[in-house]
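A structural walkthrough
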Amino acid sequence: SREVYRGADRDYNAFTVGKYQRHSLETAGFDVYEMDFSQGGDIPDDIDMAIVADVARPYDSRQLQAVVRFVERGGNLLVMADAGRGEAMNPLLEKFGVRLRDGVLVQPTDDFAPDLIVAKPTEAAASVMPEFKEKLTDAGLYISMPACAALDFDEDGPFKATPLLCTDSRGVWVETQSADVDEVAPTCNPAAGEREGSYTTAVALERMCGDRRQRILVFGDADCFSNGEMTIQREYGKLIENYSFAVECFRYLSGGEYPVTIERRKPADTEITVSEGGLKFEKTLFLFLLPVLLLVTSVCIIVIRRRK
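What comes next is a walk through the structure. (Residues numbered from 1 in each chain as written. Predicted model: local features only at pLDDT ≥ 70, side-chain atom pairs only at ≥ 80, totals over all residues. Heavy atoms only, no water.)

Section: the state of the cysteines
Rules: Sulfur atoms of two cysteines make up a disulfide when they are within 2.5 Å. Note on exposure labels: buried denotes an accessible area under 20% of the residue type's maximum, exposed denotes more than 50%, and partly exposed covers the range between, all computed with a 1.4 Å probe on protein chains only.
With the rule as written, the count across this model stands at zero disulfides. The thiol sulfur of Cys188 is not disulfide-bonded, and the nearest other cysteine sulfur, from Cys148, lies at 17 Å. A residue is classified by how much of its surface remains accessible, and Cys188, at 26% relative accessible area, is partly exposed.

Some remarks on the nonpolar core
Applicable threshold: Here, nonpolar core means buried Ala, Val, Leu, Ile, Met, Phe, Trp, Tyr and Cys residues that are tied together by side-chain atoms lying within 4.5 Å of each other. Under the scheme used here, helices are H or I runs from DSSP no shorter than 4 residues and strands are E runs no shorter than 2 residues, and both carry numbers assigned from the N terminus. Residues count as neighbours in contact if any of their non-hydrogen atoms are within 4.5 Å of one another.
Grouped together as the largest cluster of nonpolar side chains are 45 residues, with contacts concentrated most on Leu164, Leu217, Phe219, Phe225 and Phe245. The biggest single contributor to this core is helix 7 (residues 242–253), with eight residues. Contacts of Phe219, omitting those with residues within four sequence positions, involve Leu78, Val79, Met80, Ala81, Leu151, Leu164, Thr201, Ala202, Cys224, Phe225, Phe245 and Cys249. Counting residues in hydrophobic clusters, the runner-up holds 30 residues, among them Val68, Leu92, Val98 and Phe159.

Let's talk about the pattern of salt bridges
To keep things clear, this is the line we draw: Definition used for salt bridges: Asp or Glu carboxyl oxygen within 4 Å of a side-chain nitrogen of Lys or Arg.
Within the structure shown, the criterion is met by 19 salt bridges. When the shortest N-O distance is used, the salt bridge between Glu94 and Arg99 registers 2.0 Å. When its relative accessible area of 43% is taken as the criterion, Glu94 is described as partly exposed. By relative accessible area, Arg99 is classed as partly exposed at 41%. Between Glu229 and Arg234 there is a salt bridge, with its nearest N and O atoms 2.6 Å apart. The exposure class of Glu229 is buried, given its relative accessible area of 10%. A single salt-bridge network, built from bridges that share partners, covers Arg2, Arg10, Asp54, Asp82, Arg85 and Asp223.

Some remarks on helix 3 (residues 61–72)
Threshold: In this analysis, the expected span of each helix is defined as 1.5 Å times one less than the number of residues it contains. Each polar contact in these results corresponds to two N or O atoms within 3.5 Å; when the atoms are within protein, one needs to be able to donate a hydrogen and the other to accept it, and residues that are neighboring in sequence are counted only if both atoms are side-chain atoms.
Between the first and last C-alpha of helix 3 there are 16 Å, a value that for twelve residues agrees with the 16 Å anticipated at 1.5 Å per step. Along helix 3, the positions that sit buried rather than exposed are Gln63, Leu64, Ala66, Val67, Val68, Phe70 and Val71. Residues of helix 3 that are buried make contact with strand 1 (49–53), strand 2 (76–80), helix 4 (86–93), strand 10 (200–209) and strand 11 (212–219). A distance of 3.1 Å separates the backbone nitrogen of Arg62 from a side-chain oxygen at the start of helix 3, and that oxygen is part of Asp60. Once helix 3 ends, the next one or two residues include Gly74, with phi positive near 100°.

Some thoughts on unusual backbone geometry
The linkage connecting Tyr258 with the following residue, Pro259, adopts the cis geometry, with an omega of -10°. Phi is positive for Asp54, which is not a glycine, with a value near 50°. Its identity as a non-glycine residue notwithstanding, Ala147 has a phi of 50°, on the positive side. With respect to the helices and strands, Ala147 occurs in the loop between strand 6 (143–146) and strand 7 (151–153).

Considering the layout of surface pockets
Here is the rule: Residues are said to line a cavity or pocket when one of their atoms sits within 4 Å of a point; the points come from a 1 Å grid over protein atoms alone, cavities being sets where a 1.4 Å probe fits but cannot get out and pockets being open sets with protein on both sides within 12 Å along at least five of seven lines. Grid points are joined across faces, edges and corners, and a volume is the space filled by probe spheres set on the points. Residues were grouped as follows: Ala, Val, Leu, Ile, Met, Phe, Trp, Tyr, Cys and Pro as nonpolar; Asp, Glu, Lys and Arg as charged; and all remaining residues, including Gly, as polar.
By volume, the largest pocket is sized at about 1,500 Å³. Elements supplying a minimum of two residues to the lining of the largest pocket: strand 1, helix 3, strand 11 and helix 7. At five residues, strand 1 tops the list of elements feeding residues into the lining of the largest pocket. Considering only residue class, the lining of the largest pocket consists of 23 nonpolar, eight polar and 14 charged.

The structure is reproduced here in structure tokens:
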């Protein structure tokens, strides 16, 4: 299980209630609670968004219906799955038109674990998350997602689906043959249905629920927001920024209400156009006219002072 008040590598203390983290949820204005549905019950009406993370065993009917009722009343949701959790999580995800693929995504390199996926934000994400484009896509940042599952989604499902993160198209495939990719180096086996290509690792879902827009995010990885992944430093050769990704995801889920944006708007007029004649005039002005003017002024001041 993943907990918000514990500081273990797989838990979520850093980005939820971390008091010394500038962009943690509580610091940004969110109230964070843990909820236990082992005995049934509903998600309280005053909860605006919920996180379902790394469900290891299938929900029973009461637990599943509690989440479904929360979604039906318009609650926003973040679902963080993991490789190998299809049996446990697909019954919930399929209600949104999303499904976890079997197997684990691999991206073999010389220096890192083969199941460390470095996903990139998609251009399509800018249509639903403008700040996401400005702070992540345009900046060329990537998101690290260890032991990640690929996502399939229905384009004609109950929600409008937009791929949020995807892998590179080369050197990445869904490994289904090797049970332990850290012990046995994986190789792509087309005969077993393994194909190199670009795979979706996170998807944004939207629909109108009454007079408000409902938002759901589904990740194929539950570790990208973990304490360990938020704090680790890797010399990967790409700019990895999971913390900024977390901030923008919760800005999106809150409809832009939190975290409060205190940045100045970028000025619209940021270019200066100067003609060739204008450049010649400026050169003459600053190299000749102004120095001569300063020299004449200095001489006049010296002469006036000596006369006095």
